Structures are given as C-alpha cells and as structure tokens.
Amino acid sequence: MRRYSITYFFGQSFRGLWRNGVMTLASVLVLMSCLIVMGSFAALVLNINFNLDSLDMLNKIVLTVDTDLSENETIELGEKIKTFQNVSEVIYTSKRQALEEMKELYSQNEETQNLLDDYDEFNHPFPAQFTVSYVNNEELQTLLFRLNELEGITDVSCYADIAATIENIKGTISFIFGWFMLILFVVSIFVIINTIKLAVFSRRQEISVMRYVGATGWFITLPFVLEGTLIGLFSSGIAFLIQWYLYNRVAGGIIGNTGGILQIIPFWDMGLNVGLAFLCVGVLTGIIGSSISLGKYLKA
C-alpha cells in the first residue's frame, strides 16, 4: 500500500463527492447556512458591544452644564462632583471639545461631513458636559438625586435603563444564537453522515476486497474523512465570501440611514477571526460526520 501517494486519496475523495453530487451539494448548503448564521449573530453582538463602549453608555451619567457658568465656576462644580459617594471618575468636556467630537462623528459619513462647517467654538449648540462614572448600581438613585440638586446643571442623563435593556437584548440574541448553532450543527453533521454513507455504500464491495487483502483501517478511512474535510473547506470558504458581502451591504445601509451615529466595525477588523472560526467549525463538522458514518464498516 505504500505506493499510494496523497494524490490518490484526494482523487478518491473528489470522485466520491462527484458521484454523490446531490448529497454533497446539500451538505455544503446546510453547513454554509450554519456558518453564516453563526457569523451574523457574532457580528451583531460585537457591534452592540462596540457601540456601547464608544457611546460610554455603561455606568455613565452625562451632566449638561449651564451656559451662564464661568470657567472657574465650572471647574469648582467638577471638583464638588468628585467628592460625591459612588463617583469613580469625572470627565469634563468643554464646549470647544464637544463641537470637535461632533464634527469628527459626522465626518465619517459623506452626507453629514459638512453639516457643522458653519459653526465655530464660540457659536454652536453643543453645551459643556461632565461625564460621571459610578461604581455601585444599587446606590445610583441616591447619586442621581444629589446631581439633580446641583446648581449649574441643566440636565442629568442616565443611560442605565437603556444599557440594561440592551444587555437583555444581547442575552436574548446570544441564547437564540446558541440554539440556532446547536440545531444547525446537528443537522449539518446528519447530512454529511448521509453523504459519506452513500459514498461508502457505493464502494462497499471495494472496501470488502481491500480488507481481505490486508488494507489498514486508515487506508480505507482516509478518502472518506477527506471527503468530509473538503465539504467543510468548501462550505467555510463560500460562507466567508457571502458573509463579507452581506456584512458590507448591511453596514452601508445602517450607516447611511443613521447619519453615522451608529458605528459599525469594519469587516476586516474581525475578518481573520471570522475566517478562522468558519474554517475550524467547517472542517471539524466534516471530520465528525465522516468518522461517525464509517463506524460499522471498520468493525472486524
């Protein structure tokens, strides 16, 4: 058996895939769908986390400063806020900084990048702000009461309820994602098992002869395991390309419809991880499916 090279095993694998073309196509489509669903849910969760971080919505309170306050009064107000219990950090954003931040945000979209060109640091609608970070959610209401009582603060915005709602949505998405993945993973393995079984059945006499002449288990098994692996490779490659296309289309639509307010992670910032995950899941599924289907044919 040593005269056979790796090309022989790949040749046998490709012939098996071609011989059972319908089941091969079904295996690729099901596994590809599983990977796309996995990638879509993962991208959704990553983008939710990214926007929460960029908007500082978790454990943050935004205080709008009265425009009549002088610079010294504003500084004194900030120092007073730092002494409050449950406050971990106070960040001051001046009117000039607020304008610059908004210009930077709007510049990321072609439709809004010139929207604030007519404003300067002395003439714009964005007030100075304090961003207060807190530690303990249980003492949040007490802190909010004290902040609302401060003179020189015109508005107190707390995103705790919004953040909690988004966290619940993330949990629901993760739960649905997990069940979808489990169901599609099992279905993918089942379809691959039947694909390999057809290939084994069509070559059952050849397998019997090989066993009689002393062929080893790995020699008989390897072509079929390679079939499952190739199905995984084809599925992961096609799924990656479709995921790339769909992600960019959806991301472009979201950015265009929200005026750049929502930030979308560029696909290639996570593309390598997505590709590796698709490859690992695809190949692993193919190997598991083909190994299970060969069990009874390798028994003595």
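Everything discussed here concerns the structure shown above.
From a predicted model like this one, the values you see are computed outputs, not experimental measurements.

1. Some remarks on the overall build of the protein
If you tally the helices and strands in the protein, you get nine helices and four strands. Starting at the N terminus and walking to the C terminus, you meet the elements of the protein as α-α-β-α-β-α-β-α-β-α-α-α-α. Burial analysis of the protein (300 residues in total) assigns 40% to the buried set. In the protein, the proportion of contacts linking residues at least 24 apart, taken out of those at least 6 apart, comes to 85%. Roughly 17400 Å² of accessible area belongs to the protein as shown, and the carbon and sulfur atoms make up 61% of that amount.

2. What to know about the nonpolar core
Core analysis: the biggest nonpolar cluster contains 23 residues, and Leu-35, Met-38, Ala-239, Tyr-247, Met-270 and Phe-278 have the highest contact counts within it. Looking at this core, the elements that each hand over two or more residues are helix H2 (21-55), helix H6 (160-202), helix H8 (217-258) and helix H9 (267-293). The element contributing the most residues to this core is H2, with eight residues. Here Met-38 is in contact with Phe-177, Met-181, Ala-277, Phe-278 and Val-281, once residues within four sequence places are set aside. Formed by 19 residues, the second largest nonpolar core is a distinct cluster that contains Ile-61, Leu-144, Leu-147 and Ile-153.

3. Focus on the pairing of strand E3 (residues 129-134)
Among the six residues in E3, five count as buried, and that is most of the element. With five bridges joining them, strand E1 (residues 60-65) and E3 adopt antiparallel strand pairing. Considered in E3, the bridge of Lys-60 is made with Ser-133. Summarising the sheet, strand E2 (residues 87-93) and E3 pair through six bridges and their orientation is antiparallel. Residue pairing in the sheet places Tyr-92 in a bridge with Phe-130 of E3.

The rules behind the values
Residues numbered from 1 in each chain as written. Predicted model: local features only at pLDDT ≥ 70, side-chain atom pairs only at ≥ 80, totals over all residues. Heavy atoms only, no water. Helix = DSSP H or I, 4+ residues; strand = E, 2+ residues; numbered from the N terminus. Buried < 20%, exposed > 50% of the residue type's maximum accessible area, 1.4 Å probe, protein only. Contact = heavy atoms within 4.5 Å. Areas by Shrake-Rupley, 256 points an atom, 1.4 Å probe, with all protein chains shown as cover. Core = buried A, V, L, I, M, F, W, Y, C linked by side-chain atoms within 4.5 Å. Pairing = 2+ DSSP bridges.

Purely geometric stuff here, so don't read any function into it on its own.
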